[in-house]
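# A closer look at the structure
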Amino acid sequence: MKGLFCILPFLLFFIHTNAQPSDDQLQKILDDWIQTQDEQTDYEGLLEQLYLLAADPIDINKSSTEELRSLFLLNEKEITELIRYRDAVGTISDLYELQTIENWSIELIEIILPFITIENLKPEKNLWQRMNSEGKGYLLWRTDTFFEERKGFKIEDVDQRFQGNQLRHLIRVRKTSTGDYSFALTAEKDAGEKWRWNLRQHQPGFDYINFHLQLQNKKFVQNLVVGDFQLQSGQGLLHGNAFGLGKGGETINTIRRNNTLFKPFTSTLENGGFRGVASTFKINSKLNFSLYQSYKNRNASAQTDSMGNATISSWRNSGLHRNTNEINGRQQITETANGGILQYENNTTLLGIQFQNINFNKTIIPKPNLYNQFTFQGKNFQAASLYFSKTISSFHFFGESAIYKKYAGLNFGMMTALSNRTDWLLHYRFYDKQFIGLTGNPFAEGSTGQNEIGFYTGIKHQIKKKHIFSAYADFFQFQWLRFRMYQPNSGWDALVRYQYVLNKKTNFMFQYRVEEKPRNSSQVN
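Residues numbered from 1 in each chain as written. Predicted model: local features only at pLDDT ≥ 70, side-chain atom pairs only at ≥ 80, totals over all residues. Heavy atoms only, no water.

### Looking at the overall build of the protein
Selection rule: The secondary structure listing takes helices from DSSP runs of H or I that are at least 4 residues long and strands from runs of E that are at least 2 residues long, numbered from the N terminus. Whether two residues are in contact is decided by their heavy atoms: any pair within 4.5 Å suffices. To measure how exposed things are, a 1.4 Å probe is used in the Shrake-Rupley method; for residues, cover is taken only from the protein chains shown.
A tally of regular secondary structure across the protein gives 7 helices and 25 strands. In the protein, of all internal contacts separated by at least 6 residues, the share reaching a separation of at least 24 is 63%. With an accessible surface of roughly 25500 Å², the protein has 56% of that area assigned to carbon and sulfur atoms.

### A look at unusual backbone geometry
The criterion, for reference: A 1.4 Å probe rolled over the protein chains alone gives each residue an accessible area, and that area as a share of the maximum for its type sets the label: buried under 20%, exposed over 50%, partly exposed in between.
For Lys219, which is not a glycine, the phi torsion comes out positive at approximately 60°. Mapping Lys219 onto the fold places it in the loop between strand S9 (208-218) and strand S10 (221-232). Its relative accessible area of 81% is what places Lys219 among the exposed residues. Residues other than glycine seldom take positive phi values, yet Ser393 does so here, at roughly 60°. For Ser393, the location among the structural elements is in the loop between strand S18 (378-392) and strand S19 (395-404).

### A look at the pairing of strand S17 (residues 349-364)
Heads up, the condition is: A pair of strands counts as paired when DSSP detects no fewer than two bridges linking them.
Bridge count for strand S15 (residues 310-315) against S17 is 2 bridges, and the pairing is parallel. For Thr311, the partnering residue across the bridge sits in S17 and is Thr363. Pairing geometry for strand S16 (residues 333-345) and S17, over 11 bridges, is antiparallel. Considered in S17, the bridge of Glu335 is made with Phe360. Linking S16 back to S17 in an antiparallel pair, the connection comprises 3 residues.

### Topic: the environment of Pro57
Along the chain, Pro57 turns up in the loop between helix H2 (43-55) and strand S2 (58-59). For Pro57 and Ile118, which are 61 residues apart along the polypeptide, the C-alpha to C-alpha distance reads 9.2 Å.

Structure follows, in structure tokens:
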């Protein structure tokens, strides 16, 4: 009965919406993104992100190459053909016109259709008028519970017993108009958490709340986000959002990170994202400059050193505050972060330079385990990086080089279309054992871009219209100890997948995956 739960009310309203993706479409995309079924995969989070992508589709006439890549549904050849078609004909007036683009199949158009739109010219109105008459919005209310009483509700120890009821509540309200504005409010209370009205602790009943207001394309201001936001730049060495995908059945498009810069953060991951103000300013048609300032309290384990000073030993990323121990870790450290990005972009070239500065109000001193000897320590963090992407004919090159103190993180790749039916990717990564990216999320075997050297190659081939073959091989080496691995070591994993698409609702798949990675059976210091 571990995973058995009951959704009580589930209310979802869409206003002025385009066609929403079907469950079959979303399931197919998830199957491509996720290579294996396991308890560690956040299926609900991934599904929610897909719904959010559909709720805020990109304008097919105005979208940049980076925005198109951020969908993870188009390969480089398909993106290039779309850009070439737009340059030749100007504005795409109807989505049915996509069928005339070279290498764009009916199947591809059906998959991508819920995530794109065409914004027509509209009469001039002020923001309040547009919010009342244009765009689309939704209200989501979800409450779920488990049929059986969980162990935490029955523990006799008062400090360990869950203080709230077994109901989980999630409410989200959002209104958005593509390329114009977006605002949202999300509130959540997990099962076992108690309703608390404490505004000083940012608890107006719900345990967690996030919000945002976003404005786009206002004269020289390309993008402005106030409230909760996320940042994805370069290949994720310094700035990477929580929705960074990696190895899976989609062996090409999910390896490269996409340079989407600032986006609203609507997830319920409490330790994710930033909170403050972020903006991108347009210098000219190809050059922009971005700045952000964030001030956010994060969950962590606090302790007191021998001098009586409060320190932080580890992060608490579960977002659960059900008993006294978990509540004591709530918002224990304040993070002040800021940074800047200067970026040049045209249809074939992207160049960027960025810096990041983070300050904490308490000193971070990790537990003295040998494997985390090179984990970040202290109160201040500074890092910088250079990133690029370049398309030459059918070849697309991308990469990022970052520096923290004197330690480097490198990430380079090449994608190409060997033919109209075959895509191929090569990728190399080097993350020094002492390199740190506190808010990064690059492609890696481990959970962070640190202490790893790796080489990845992937291929995807459409044998016939309904037959798709994909495979990858990834070889990696760890220069220092890791959790449950007590000596430097190496490993590899590979996947082969064959897929037969019978029709829109039915497809058959054969997949084989093998992995070799050393791991000790228990933890020792």
